[in-house]
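Observations on chain architecture
These are the residues of each chain, in order.
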Amino acid sequence: MDTYPEFKTTLTPDIPLSGIVKCTVPSNIALVKYWGKKDIQIPQNPSISFTLNVCKTETSIEFEKKQVSNEDYEFELLFEGKLKPAFEPKIKSFFERIEAYIPFLKEYVFKIETSNTFPHSSGIASSASGMGALAYGLMLIEKEINPDISESEMLQKASFLARLGSGSACRSIEGPMTVWGEHKEVAGSSDLYAVKVEENEIDSFFKNYQDTILLIDKGQKEVSSTVGHNLMHRHPYASQRFKQASENLSILKKALKDGDSETFIKIVESEALTLHAMMMTSMPYFILMKPNTLSAIEKIWEYRKDTGSKLCFTLDAGANIHLLYPEAESEQILDFINNELVVYCENGQYICDKIGLGAIIL
Ligand code: PMV
């Protein structure tokens, strides 16, 4: 069991009878990847990500004190305005995991309404923003019950709870960049929650960095992240990979501070390909990239060679490509996308996102 006394709170007798909280939490894209975990969502290596701005989940939680107390979780879940009983088991197991830290879960009847700014079947994982928003929303309720909790305690605990819902979700609460997982060079870093990378650790070159997501394949993934993480348990390259991720984080950290785009590109693209190499060398092995993923990558490399652009790519656990580039190159890169890359996107679709600051109270 996950027992961290620092995150436990007790219930005061005069809790509010009812209320509503609302927030948005964005998705995030890892630059150094988390792939492999132990216990309950404890990462095998540290990871670092850009918090996004456009792809996000909006969640409202209405809560009303139960008339008669009981030991059940009582909630209904509406996704994009419609009741979604299919999502309930996931919420129930999340509630079971976090109950030790959120003692009011059985005191209220909840109505959770949630929607995404990105299309449901876009191949973009909604677990980071979705679990992030649910965790942050619950912390807004906790703040009403316990107004003494500070802003930083609230953010840290929201990240801690989000991690228990879906590992990488813990990196979505704050921005523009966060680190999750202990790393000797990152002060305050922890396996239990993500910490914000201080603004003075990021050179102005990376401020307002753009992330255009090419929707190469909008279908459901054949292999879930959960299965993929588990395959790292008996993976022949696991220990070397976990060591490499820590080293890459050190190198990337320095590149971010120095505004060193060459090193940034090398590490980010290598991390993306290594993530997929781990999938291809698991037993059983699997491939989540599609032929169009590779075609687009070749075009990106060609474009960079021809123009000296700072454009690079990363991948998450799927076929879609995240194009990362400085704001100053936006116009040329959008032309490049429209002229050369849209042919590889399903229905010609892509999403223009950029680096963002995390959770927002509505
Ligand atoms: O949080 P999960 O279990 O969905 O795993 C996410 C894993 C990657 O997106 C592939 C990498 C990462 O660090 O976000």
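To start, this report covers the structure provided alongside it. Counting starts from 1 at the beginning of each chain's written sequence and moves along it residue by residue. With the structure being a predicted model, the display of local features is reserved for residues of pLDDT at least 70 and the display and counting of side-chain atom pairs for 80 or more, all residues being used for whole-chain, interface and lining totals. The side-chain figures draw on all heavy atoms in the structure; neither hydrogens nor water molecules are used.

On to the overall build of the protein chain. Helix and strand assignments follow DSSP, with helices taken as H or I runs no shorter than four residues and strands as E runs no shorter than two, numbered in order from the N terminus. Tallying secondary structure elements over the protein chain gives eight helices and 14 strands in all. Since a compact globule built from 362 residues should have a radius of gyration of about 21 Å, the 20 Å found for the protein chain is in line with a globular shape. When its C-alpha atoms are laid out on the principal axes, the protein chain stretches across 70 × 45 × 45 Å. Considering the protein chain as a whole, with its 362 residues, one finds that 53% of them fall into the buried category. Note on definitions: a residue-residue contact is assigned when non-hydrogen atoms from the two residues lie within 4.5 Å. Here the analysis covers contacts within the protein chain between residues at least 6 apart in sequence; of these, 76% occur between residues at least 24 apart. Only the protein chains shown count as covering a residue, and every accessible area follows the Shrake-Rupley method with a 1.4 Å probe. Carbon and sulfur atoms provide 51% of the accessible area of the protein chain, an area that totals close to 16,100 Å². For the protein chain, the centre of its 37 positive side-chain charges and the centre of its 50 negative side-chain charges are spaced 4 Å apart. The size measure is the radius of gyration over C-alpha atoms, and the globule rule it meets is 2.2 Å times the number of residues to the 0.38 power. The rule is simple: take the accessible area with a 1.4 Å probe, protein chains only, and divide by the maximum for that residue type; under 20% is buried, over 50% is exposed, in between is partly exposed. For this count, His and the chain ends are skipped, Lys and Arg are scored as positive, and Asp and Glu as negative. A charged residue contributes its charge at one atom only: NZ of Lys, CZ of Arg, CG of Asp or CD of Glu.

Take the site of the ligand next. Neighbouring residues of the ligand: Ala30, Lys33, Tyr34, Trp35, Ser166, Gly167, Ser168, Arg171, Ser225, His229, Leu275 and Ala317. A 3.5 Å cut-off defines polar contacts: any pair of N or O atoms within that distance qualifies, except that in protein one atom must be a possible hydrogen donor and the other a possible acceptor, and neighbouring residues in sequence count only when both atoms are side-chain atoms. Residue tyrosine 34 places a main-chain N or O atom 2.9 Å away from an oxygen atom belonging to the ligand. Arginine 171 places a side-chain nitrogen or oxygen 2.7 Å from an oxygen atom of the ligand. Taken by itself the ligand offers 380 Å² of open surface, and the protein chains cover 88% of this. Residue polarity follows a fixed list, in which Ala, Val, Leu, Ile, Met, Phe, Trp, Tyr, Cys and Pro are nonpolar, Asp, Glu, Lys and Arg are charged, and the others, Gly among them, are polar. Of the residues contributing to the shell around the ligand, the split by class is five nonpolar, five polar and two charged. A molecule or strand has a residue near it when one of that residue's heavy atoms lies within 4 Å.

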